[in-house]
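# Coordinates in review
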Amino acid sequence: MSAQPPPPAPASVAGDGRPPLQELPEAAPSGIRSGWAAQRPLVLRLHFYAGLLVAPFLLVAATTGFLYACSYQAEKIVYADQLEVPVGRSELPVSEQVAAARKAHPEGSVSAVRPSPEDRATSRVLLSGVPGVDPDHTLAVFVNPYTGEVRGALEQYGSTGALPLRTWIDELHRDLHLGEPGRLYSELAASWLWVITGGGLVLWFGRRRAQRKLRGTTGRRRALTLHGTVGVWAAAGLFFVSATGLTWSTYAGETISELREQLGQSTPSVTATAAGGEHAEHQAGSGTGEHGVGLDAVLKAARSEGLSNPVEIVPPADASSAYVVKQIQRSWPEKQDSVAVDPATGEVTDVLRFADYPVLAKLTRWGIDAHTGVLFGLVNQMLLAALAVGLITLIVYGYRMWWQRGRGSAFGRPVPRGAWQHVPAYVLVPLLACLAVLGYFVPLLGIPLVGFLAVDIVLGEIAYRRGRRTYA
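Reading the values: rules and limits
Residues numbered from 1 in each chain as written. Predicted model: local features only at pLDDT ≥ 70, side-chain atom pairs only at ≥ 80, totals over all residues. Heavy atoms only, no water. Helix = DSSP H or I, 4+ residues; strand = E, 2+ residues; numbered from the N terminus. Buried < 20%, exposed > 50% of the residue type's maximum accessible area, 1.4 Å probe, protein only. Contact = heavy atoms within 4.5 Å. Areas by Shrake-Rupley, 256 points an atom, 1.4 Å probe, with all protein chains shown as cover. Salt bridge = Lys/Arg side-chain N within 4 Å of Asp/Glu carboxyl O. Core = buried A, V, L, I, M, F, W, Y, C linked by side-chain atoms within 4.5 Å. Arc of directions from axis to C-beta. Axes fitted to C-alpha atoms, helices over the stretch in contact; angles between N-to-C directions. Parallel < 35°, antiparallel > 145°, perpendicular 65-115°, else oblique. Nonpolar A, V, L, I, M, F, W, Y, C, P; charged D, E, K, R; others polar. Left-handed = near helix turned anticlockwise from the far one by under 90°. UniProt positions renumbered as here; feature names shortened; annotations may be inferred.

### Quick notes on the overall build of the protein
The helix and strand tally for the protein stands at 13 helices and eight strands. In the protein, which comprises 472 residues, the proportion classed as buried is 45%. Pairs at least 24 residues apart make up 63% of the contacts formed inside the protein by residues separated by at least 6 positions. Accessible surface, the protein: about 24600 Å² in total, of which carbon and sulfur atoms supply 62%.

In structure tokens, the structure reads:
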């Protein structure tokens, strides 16, 4: 038998002697494939481009999220003088603590009072309408509950009582200190994070077991292994922060709120109407927080309904309104019960238990609190910090792999076009329909996706006209 000619050497990638890429195969010749072989190139291309273009936003969100997770403990250190006091024999009445705060800060009016929740903690008297304070913030006056000494005053933001350091980091994470336009960056990151994560999981588990075990490898294959391993371990957490981040985003969040309302799953609130009506006249100036029977009687009434610390007392808004006392503990188990107290009689007029919240309202509350690091306290914050580090690692290794696909100082070429042409219609059509629906309800997923496709089509047309490729 005549000797068979040796097989031809693999073609180079770009005619410059580069070896062919094994992990990212070219799109196959025209024709419909079946199974994973048909779908992998499409998933790979989506994962590649989404990661490449959205990763900068994710990197900012992960970095600022890491800072926010650490801000709780930093806040305790930075503001220790305002937050902590030596334990005394007995606490002063809440009304006297408020009077001490108003003497030191007569400006504005009392919007809420947070009595000392534990032995070494100060009480907070929250003032609104204070000159020089952001209208969305309050001025928190810290009072020693044992002596009435005012320990200082700081701006406070949000229901978790964020002080200036945490507020600054929170706004950096949420909108980069750019206001409402800046919130688009975080919503874009949350909208695409689950897509990128899901695509990565599908690609990782779609590889054969032998390909996944690349021990002792170096270069791009090792980077791919580390990228995939970190992604698999972090996937559940990334799905979670993506979903919970969307719940209070600008556009997707509004859609979610409307859906909850239509399903009767909105977060309820206690009815704060005074039973005395027009006869429940305020017996003190509106700026003091003392109305009718006073703060101490109101707090006593709330305690009789089982509202334990920490609580917040909100004075009546007008003569026909009641006091609202609500628990504000967001850590597990959550304390979110609230009551309304008639300022004229000191009687409880309405009670709302967290146990009676609709299911979606509870899930939303738990999800947001876990996302912000308060649901499980320090453990929650450590997990969020680790997740942020994991996401940063994924992004760095993702860009590193792109760089390693190239040579010298050039980034690697993108994943080849045409992958969708080999996906069976029974898979492609439902997929496109799902993407259309998701794009409608999550606009910062849909709009960029349409933009990606438009740019890709234009670039493909340019390449075709230059003779670099042919249509399938």
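So much for the structure itself; the text now carries on.
### Considerations on the pattern of salt bridges
Inspection of every chain in the model, using the stated rule, returns 12 salt bridges. Put simply, Glu84 and Arg120 hold a salt bridge, and the shortest N to O gap is 3.9 Å. Of the two residues, Glu84 is situated in the loop between α2 (80–83) and α3 (94–104) and Arg120 in the loop between β1 (109–114) and β2 (123–128); the sequence distance between them amounts to 36 residues. Arg120 gets classed as partly exposed once you look at its relative accessible area, which sits at 46%. Residue Arg114 pairs with Glu312 through a salt bridge whose shortest N-O separation is 2.7 Å.

### Looking at the nonpolar core
Counting residues in hydrophobic clusters, the biggest one holds 30 residues, and the most contacted among them are Leu58, Trp192, Leu193, Ile196, Leu238 and Leu391. Of all elements in the fold, only α1 (36–78), α5 (183–206), α7 (219–247), α11 (377–405) and α13 (443–465) reach the threshold of two or more residues within this core. In terms of residue count, the dominant contributor to this core is α5 (eight residues). Those residues in contact with Leu193 that lie beyond four places of it in its chain are Leu58, Leu238, Val241, Ser242 and Leu391. Within the second largest apolar cluster, 24 residues are counted, among which are Val130, Leu139, Val298 and Leu307.

### Looking at helix α9 (residues 295–304)
If you check which residues of α9 are buried, you get Leu295, Val298, Leu299, Ala301 and Ala302. Looking straight down α9, one finds its buried side chains confined to an arc of 160°; they lie on one side. For α9, exposure combined with an orientation more than 90 degrees from the buried face picks out Lys300 and Ser304. Contacts made by the buried residues of α9 are with α3, β1, β5 (311–314), β6 (323–327), β7 (338–341) and β8 (348–352). A positive phi of about 90° marks Gly306, the residue just after α9.

### Some remarks on the packing of α3 against α9
Packing of α3 against α9 leaves a shortest axis separation of 7 Å and a crossing angle of 135°. Considering their axes alone, α3 and α9 lie oblique with respect to each other. Residues Val94, Ser95 and Val98 of α3 lie in contact with α9, whose contacting residues are Leu295, Asp296 and Leu299. Split into classes, the residues belonging to the contact of α3 with α9 amount to four nonpolar, one polar and one charged.

### Focus: the packing of α5 against α7
It is at 8 Å that the axes of α5 and α7 come closest, and there the two elements cross at 140°. Crossing of α5 over α7 shows left-handed handedness. Contacts between α5 and α7 involve Glu187, Ala190, Ser191, Leu193, Trp194, Thr197, Gly198, Leu201, Trp204 and Phe205 on the former and, on the latter, Leu224, Thr225, Gly228, Thr229, Val232, Ala235, Leu238, Phe239, Val241, Ser242, Gly245 and Leu246. Here the residues of the contact of α5 with α7 are counted per class, giving 13 nonpolar, eight polar and one charged.

### Thoughts on unusual backbone geometry
A negative phi holds for most residues other than glycine; trans holds for most peptide bonds. In this structure, the amide linkage connecting Asn309 to the following residue, Pro310, adopts the cis form with an omega of -5°. Checked against the element boundaries, Pro310 lands in the loop between α9 and β5. Backbone torsion omega between Trp332 and Pro333 reads -5°, so that peptide bond is classified as cis. Along the chain, Pro333 falls in the loop between β6 and β7. Here Leu176, not a glycine, exhibits a phi torsion of approximately 60°, which is positive. Here Leu176 shows up in the loop between α4 (164–175) and α5. Unlike most non-glycine residues, His177 shows phi in positive territory, near 60°. With respect to the helices, strands and loops of the structure, His177 is situated in the loop between α4 and α5.

### What to know about the UniProt feature "transmembrane region" (unreviewed entry) in the protein
Here the UniProt-annotated "transmembrane region" (unreviewed entry) positions come out as residues 48–69, 184–205, 226–248, 382–402, 423–441 and 447–464. When the span residues 382–402 is considered, its composition is 100% helix and 0% strand, and the gap between its end C-alpha atoms is 31 Å.

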